[in-house]
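# Analysis of the macromolecular model
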2 protein chains.
Amino acid sequence: MLGKRQNEMLKIIVEEYIKTAKPVGSKSICDSLNCSSATVRNEMAYLEDIGYLEKTHTSSGRVPSELGYRYYVDNLMKPKELTGEEVLTLQTILSNQSLELSDAITKSMEIISELTNYTSLVLGSSISDNRLKKVEVVPISDNSVIAIIITDKGHIENKTIAINENISVDEIRKMVDLINNLLVGTLIDEVNKKLEFEIKPIIGKYIKQQEAIYNMFYNAFNEMTSKKDNYHFSGKTNFLKAPEFDSADKVRSIVDKLEDKDVISSIEETSSGINVYIGDESNIDSDVTVIKTKYIVNGEEGTIAIIGPKRMKYDKVIGMLEYIKGEIEK
Amino acid sequence: MLGKRQNEMLKIIVEEYIKTAKPVGSKSICDSLNCSSATVRNEMAYLEDIGYLEKTHTSSGRVPSELGYRYYVDNLMKPKELTGEEVLTLQTILSNQSLELSDAITKSMEIISELTNYTSLVLGSSISDNRLKKVEVVPISDNSVIAIIITDKGHIENKTIAINENISVDEIRKMVDLINNLLVGTLIDEVNKKLEFEIKPIIGKYIKQQEAIYNMFYNAFNEMTSKKDNYHFSGKTNFLKAPEFDSADKVRSIVDKLEDKDVISSIEETSSGINVYIGDESNIDSDVTVIKTKYIVNGEEGTIAIIGPKRMKYDKVIGMLEYIKGEIEK
DNA sequence: TTTAGCATTGTCAATAGTTGAGTGCTAATT
DNA sequence: AATTAGCACTCAACTATTGACAATGCTAAA
């Protein structure tokens, strides 16, 4: 545990660095600490020894290490209250009765992205733990129907199916009946296995154009499981304006990561506090921090996240996420 | 019109520059033209005079101007045939019967993005010229239903509606009947106007919780019209690896543009040839070229586009787009 | 019309010198 | 025992300066 002055000093250094993006020198902070720059230097050397500060080169000022940020977030920082104005902006969205909840969440995260100038992400939960609830068929014209697949947790997928000599509405309905009778309750991930081993063998008895229709549904379920598109970014490049992202390579590599569905789904949070992943922990870039939390509202769960530079206004962002999480969960 | 040698020379310079990204000097190409570097220089000076070439500084080699690229594309270049391997890869997708057409298009453009290392875009047509065909309601649980909105051109939008004390399934059905009786055939863009002026005034007679239900549908239609999400990128940052995109600012600005829905929808192409928009014409960046074409398949239309550096392999890309367009339109 | 030859131009990379902000350490001070 | 003043030292960042080089334009000869 650090002494009082050391705490104060680390806090000042982190916040100064967050503000200016420049290594913090001893002279610049000795006023705020009421002591000489030499004293500051001694303390700084100690904080560096125990791994909370770093230098960019032998004679540079100090920069917080990842450990330093961590200590700051865990012990020195207090989440910042939102301003009246901010609360107002968010309330007009959150209290809009005619907005569906998930839309309200997305909209408020868009606002937060604008207010903070970082990137926001709303990530619906993966559907692999959803179970098939039912399949519906709706004819929409003489030569097409929509098949609607519904899961127990409310995920919906629709797929338009063309009708032709090979495929009749009647046959599709028979297939749907089969599925509804035999596969309801199956994990979405496993529907296709069952489709292949339980439905396919008996399908010939009921349906003429088995091959075409079987493929149709096989594909529809396949799409549903492979679809990880259940997310929504806002301000995707906002934070990349910070001076630490000054190389084309770096910008490209981060943008690439934010396009990568595997990376995105790895952001899904499982614990419900406000969790802070600093630098390398973010799995995106050593200069990036991700702050996220899981929300659960009547059974539906998801992750909301703010992605920004490691040199991020932690107090502000954590305050906002706490607020939003609180609001949507009631 | 240029002379024979001038044509040849411009072609060589453009292709050399596309390959190396370095200004082309007189010495390096005099062998291919069977004349001395001095002669090349004289001709180069002429091509520069008439605006087809540029210099990066007084004593640098030459670089094609936008006009030069244009002339190259219009007069000097021949679309390149696909290799057997490429045709094969694309055919396995295009001939897969169980893929819906739009999926097949998206998939093949993904392949093309990989084959060329540029960015591909499939852009569904805007739905503003669609007309309302019908609205369906499907109950999915005790406390929710899906409303499905279908247009004459086959666009489908679904929206989950929560049922509670305020909103009953019965009332929703009544509303849907009203809409299906009175608004079918209306342009999607105008549905909400009609909803407000034709349905709202008479709604009270039939439905109790008019306000809530009215808002529900108003929002659903609103979402449908404002949703321009009908597009699909592949390899969004591929081409940014080219050496001309070496500044963080440039990368950021292009990525920003490719995130911007207004920019994306401005890419929609109205003419059906293969159209080439070079540099500033691309509306994205002076170093970017967009090559695109419109396709129409049984009533449904859309745009496919390749986005890459101005220094792009025009022959390859144009060849591929021609091929794909031909394939999907049959 | 083409080409050889030459002065000229601007880029690039290397080198060197200067400045200034910052450090660490030691010895004196409180 | 803690603080501070003072001083030597380090390094990045900036500014010239230089030479090598790859082009050019132009002129005069072929």
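Anything mentioned here points back to the structure above.
Residues numbered from 1 in each chain as written. Chains lettered and ligands numbered in written order. Predicted model: local features only at pLDDT ≥ 70, side-chain atom pairs only at ≥ 80, totals over all residues. Heavy atoms only, no water.

### Re the interface of chain A and chain B
Applicable threshold: It only takes one pair of heavy atoms within 4.5 Å for two residues to be counted as in contact. Salt bridges, as used here, are contacts in which a Lys or Arg side-chain nitrogen is within 4 Å of a carboxyl oxygen on Asp or Glu. Contacts described as polar in this section are N or O atom pairs within 3.5 Å, which, within protein, must combine one atom able to donate a hydrogen with one able to accept it, while residues neighboring in sequence count only if both atoms come from side chains. Only DSSP runs of H or I reaching four residues or more are called helices, and only runs of E reaching two or more are called strands; each is numbered from the N terminus. Only Asp, Glu, Lys and Arg are considered charged in this grouping, and only Ala, Val, Leu, Ile, Met, Phe, Trp, Tyr, Cys and Pro are considered nonpolar; every other residue, Gly among them, is considered polar.
Taken together, the 33 residues of chain A in the interface contact 33 residues of chain B. Where chain A meets chain B, there are two salt bridges. Residue Lys 236 of chain A pairs with Glu 259 of chain B through a salt bridge whose shortest N-O separation is 3.6 Å. For the pair chain A and chain B, the interface holds six residue pairs in polar contact (both at pLDDT 80 or more). Mapped onto the side of chain A that touches chain B, the elements with two or more residues apiece are strand S4 (132–141), strand S5 (144–151), strand S6 (156–162), helix H9 (210–226) and helix H10 (248–259) of chain A. Ranked by residue count, the leading element in the side of chain A that touches chain B is S4 of chain A, at seven residues. When the residues that make up the side of chain A that touches chain B are grouped by side-chain class, the tally is twelve nonpolar, eight polar and 13 charged.

### Details of the sheet that holds strand S10 (residues 300–309) of chain A
Residues and elements named next belong to chain A. Applicable threshold: Strand pairing requires that DSSP identify at least two bridges connecting the strands. With axes taken as lines fitted to C-alpha atoms, and helix axes fitted only over the stretch in contact, angles between N-to-C directions fall between 0 and 180 degrees.
Taken in spatial order, the five strands of this open sheet run S7-S3-S10-S9-S8, and their pairing is antiparallel. Looking at which strands have only one partner, the edges of the open sheet turn out to be strand S7 (231–234) and strand S8 (275–278). Sheet twist, expressed as the mean angle between neighbouring strand axes with direction ignored, is 15°. Sheet analysis places strand S3 (residues 119–124) next to S7, joined by four bridges and oriented antiparallel. In the sheet register, Val 122 faces S7, and the bridge partner there is His 232. Each of S8, strand S9 (288–297) and S10 is contacted by helix H12 (residues 314–328), which is oriented at about 10° to S9, the strand it contacts most.

### With respect to the protein's contact with DNA strand D
Counted only if it meets this: Near, as used in this document, describes a residue that has one of its heavy atoms within 4 Å of the molecule or strand being considered.
Around DNA strand D there are 20 residues in total, and Thr 39, Thr 58 and Ser 59 of chain A together with Ser 26 and Arg 62 of chain B lie nearest to it. The protein-proximal atoms of DNA strand D, defined as those within 4 Å of the protein, are 75% sugar or phosphate. The backbone of Ser 36 of chain A places a nitrogen or oxygen atom 2.9 Å from a phosphate oxygen of DNA strand D. For DNA strand D, a base oxygen lies 2.6 Å from a polar atom in the side chain of Ser 59 of chain A. Every element with two or more residues in the surface near DNA strand D is listed here: helix H3 (37–49) of chain A together with helix H3 (37–49) of chain B. A per-element tally of the surface near DNA strand D places H3 of chain A first, with four residues. Grouping the amino acids of the surface near DNA strand D by side-chain chemistry returns three nonpolar, twelve polar and five charged.

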